[in-house]
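# Report on the structure
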Amino acid sequence: MNIYVAELDENCRIAAVWVRHHEARGPSLFDPRKHIFDPRPGDVFSGAPRDDVVKWIKSAKSKRMK
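Keep in mind that this is a model prediction, so the values were computed, not measured.

A few words now on the packing of aromatic side chains. Two aromatic rings are characterised by how far apart their centres lie and by the angle between their planes. Counting across every chain of the model gives 2 aromatic pairs. Note on Y4 and F37: the rings are 5.4 Å apart at their centroids and 80 degrees apart in plane angle, and the pair reads as edge-to-face. Here Y4 is found in strand 1 (residues 3-8), whereas its partner F37 is found in the loop between strand 3 (28-29) and strand 4 (44-46), with 33 residues between them in sequence. Overall, the relative accessible area of 1% leaves Y4 in the buried class. Owing to a relative accessible area of 14%, F37 belongs among the buried residues under this scheme. Seen in terms of ring centroids, Y4 and F45 are 5.0 Å apart; in terms of plane orientation they differ by 15 degrees. Their pairing is stacked. Taken together, the residues Y4 in strand 1 and F45 in strand 4 connect sequence positions 41 residues apart. Residue Y4 shares its accessibility class with F45, and that shared class is buried. Among the aromatic residues, those joined into a ring-pair cluster are Y4, F37 and F45.

All told, the structure shown has 2 salt bridges when counted by the stated rule. In this structure, D9 engages R13 in a salt bridge whose closest nitrogen and oxygen atoms are separated by 3.5 Å. Given a relative accessible area of 23%, D9 falls into the partly exposed group. Ionic pairing is found between D31 and R33, a salt bridge with its closest N-O pair at 3.3 Å.

The rules behind these values
Residues numbered from 1 in each chain as written. Predicted model: local features only at pLDDT ≥ 70, side-chain atom pairs only at ≥ 80, totals over all residues. Heavy atoms only, no water. Phe/Tyr/Trp six-rings, centres within 6.5 Å; stacked < 30°, edge-to-face > 60°. Helix = DSSP H or I, 4+ residues; strand = E, 2+ residues; numbered from the N terminus. Buried < 20%, exposed > 50% of the residue type's maximum accessible area, 1.4 Å probe, protein only. Salt bridge = Lys/Arg side-chain N within 4 Å of Asp/Glu carboxyl O.

Pasting the structure below:
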């Protein structure tokens, strides 16, 4: 199980996403260059709706690929 926590800015938009993989000792900021987003049924999303977090991660990955 992975845990994704959205960090919101003052306008309640996602500014960053923290991720804690089940085997990790602690959370880290999601970095599209380091992390692979592979959602699983048991994953937990907090701070914002799951769909918004997924959308933010996909957007961050596409920006890094350009």
